[in-house]
Amino acid sequence: MLSERRLQVLRAIVQDYVGTEEPVGSKALTERHGLGVSPATVRNDMAALEEEGYIAQPHTSAGRIPTDKGYRLFVDKLAEVKPMTGPERRAIQNFLDGAVDLDDVVARTVRLLAQLTRQVAVVQYPSLTRSTVRHVELLPLAPARVMLVLITDTGRVEQRMIDCPAPFGETSLADLRARLNSRVAGRRFTDVPQLVEDLPEGFDVEDRGTVSTVLSTLLETLVEENEERLVIGGTANLTRFAHDFPLTIRPVLEALEEQVVLLRLLGEMQNPGMTVRIGHENAHEGLNSTSIVSVGYGSGGEAVAKLGVVGPTRMDYPGTMGAVRAVARYVGQILAES
């Protein structure tokens, strides 16, 4: 365990390095921060921090910079994240309140996060598997053709055309709609197959084929593989930090292009609360020089997906975590009200 004073020195090094981009020396630390000890004591503390792997000396510079281990301790010991100011909160709310549907909410969230943090923003679409059914609409298009519209609690809307095996009257369709919604409205997607299993048996024999066709289309919609989608924005922000990536920015850009990599990383962060992955904690090699800050978002206190940012390890962690948390909270409120 580090002493409180050494932790204070580490905090000061992280803050200065993030703010100035320059390796930090003991003289600058003593001048900028009220550490209450002499430069010689600070030098000793820095030597101890270096020995324990919290800071390192880049090339022949006199100063030191934090390592992944140093950033990790800094984040773990954060007393609080930086709260958003009143005007910032209002700007977030006004920007997100203008969204017209779920796609627009996601698109606006990505733009907002990228602007607030000046990092790469990543927003996962609400996962269908964690959603509940709000309503199923069945619309007659022709005597043997129906449109199925599935509306989820997160505002996601899925539409499917169904060719029925036989003509199906509007009265029968209204009956099926009513019975279907009485069973599945407000229920989790994962529960639906069991809930509708015996539904066809309650209909006349000549209608059962059509009822079964409608149900199988509904179930296919619920389990579709393409549900795991991500939207990424602000990739150009990385060019501002080109010198933060040891050799080249290309591995980072390639990793960001592979959505499956990011989906896997977000999936590994089981905790719906704030998660910070720093440097080599990211299993994918292309992201070893980045940090990922993410949090779950959703309505009614349950996370249905994650959002966050990817940037260099030299990151304003309190500010980034504050922005990510605030945006997630507003998106959750919008989903709850939609």
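Residues numbered from 1 in each chain as written. Predicted model: local features only at pLDDT ≥ 70, side-chain atom pairs only at ≥ 80, totals over all residues. Heavy atoms only, no water.

Per an unreviewed UniProt entry, the recorded name for the chain is Heat-inducible transcription repressor HrcA, and the organism is Streptomyces kebangsaanensis. Of the comments in the UniProt record for the chain, the one headed Function (unreviewed entry) reads "Negative regulator of class I heat shock genes (grpE-dnaK-dnaJ and groELS operons). Prevents heat-shock induction of these operons." (UniProt positions renumbered as here; feature names shortened; annotations may be inferred.)

A. Spotlight on the sheet that holds strand β4 (residues 133–142). The strand order β4-β5-β6 describes an open sheet built from three strands, whose pairing is antiparallel. The strands lining the two open edges of the sheet, one partner per strand, are β4 and β6 (157–163). When strand polarity is set aside, the average angle formed by the axes of neighbouring strands in this sheet is 20°. Relative to β6, strand β5 (residues 145–152) is paired through seven bridges, and the arrangement is antiparallel. By the bridge assignment, I151 is partnered in β6 with V157. Lying on the sheet, helix α7 (residues 170–184) is in contact with β4 and β5; it crosses β4 at an angle near 170°. (Pairing = 2+ DSSP bridges. Helix = DSSP H or I, 4+ residues; strand = E, 2+ residues; numbered from the N terminus. Axes fitted to C-alpha atoms, helices over the stretch in contact; angles between N-to-C directions. Contact = heavy atoms within 4.5 Å.)

B. Broad picture of the sheet that holds strand β8 (residues 275–278). Across the sheet, five strands lie side by side as β7-β3-β10-β9-β8; this open sheet has antiparallel pairing. The open sheet has two free edges, formed respectively by β7 (230–233) and β8, since each of these has just one partner strand. Within the sheet, the average angular offset between the axes of one strand and its neighbour, ignoring direction, is 15°. In this sheet, β7 lies alongside strand β3 (residues 120–124) in antiparallel orientation, the contact comprising four bridges. Across the sheet, residue A121 finds its bridge partner in β7, namely G233. Sitting on the sheet, helix α11 (residues 259–268) is in contact with β3, β7, β8, β9 (290–297) and β10 (305–312), with an inclination near 105° to β7.

C. Spotlight on the pattern of salt bridges. Per the stated rule, a full pass over the model turns up 17 salt bridges. Measuring nitrogen to oxygen at the nearest pair gives 2.7 Å for the salt bridge that ties E137 to R177. Pair noted here: E137 is in strand β4 and R177 is in helix α7, with a separation of 40 residues, a long-range link. For the salt bridge of D244 with R314, the shortest nitrogen-to-oxygen distance reads 3.0 Å. A residue pair is termed long-range when its members are at least 10 positions apart, and D244 in the loop between β7 and α10 (250–257) and R314 in the loop between β10 and α12 (317–337) qualify at 70 residues. Owing to a relative accessible area of 15%, D244 belongs among the buried residues under this scheme. Shared partners join several salt bridges into a network, and the residues in it are R5, R6 and D45. (Salt bridge = Lys/Arg side-chain N within 4 Å of Asp/Glu carboxyl O. Buried < 20%, exposed > 50% of the residue type's maximum accessible area, 1.4 Å probe, protein only.)

D. Broad picture of the packing of aromatic side chains. Taken as a whole, this structure holds one aromatic pair when the rule is applied. Measuring from ring centre to ring centre gives 5.6 Å for Y71 and Y317, while their planes differ by 50°; the resulting arrangement is tilted. Taken together, the residues span a long stretch of sequence, with Y71 in helix α4 (residues 68–76) and Y317 in helix α12 at a distance of 246 residues. The ring of F95 carries the charged tip of R108 above its face, separated from the ring centre by 5.3 Å. Taking the ring centre of Y125 as reference, the NZ or CZ of R229 above it sits at 4.0 Å. (Phe/Tyr/Trp six-rings, centres within 6.5 Å; stacked < 30°, edge-to-face > 60°. Lys NZ or Arg CZ within 6 Å of the ring centre and 35° of its normal.)

E. Molecular detail of the side chain of D244. Separated by 3.0 Å, the side chains of D244 and R314 make a polar contact. Residues contacting D244, with those up to four places away along its chain left out, are Y17, P312 and R314. (Polar contact = N/O pair within 3.5 Å; in protein donor to acceptor, adjacent residues only side chain to side chain.)

F. The side chain of N181, seen in detail. Mapping N181 onto the fold places it in helix α7. A distance of 3.4 Å separates a polar atom in the side chain of N181 from a polar atom in the side chain of H135.

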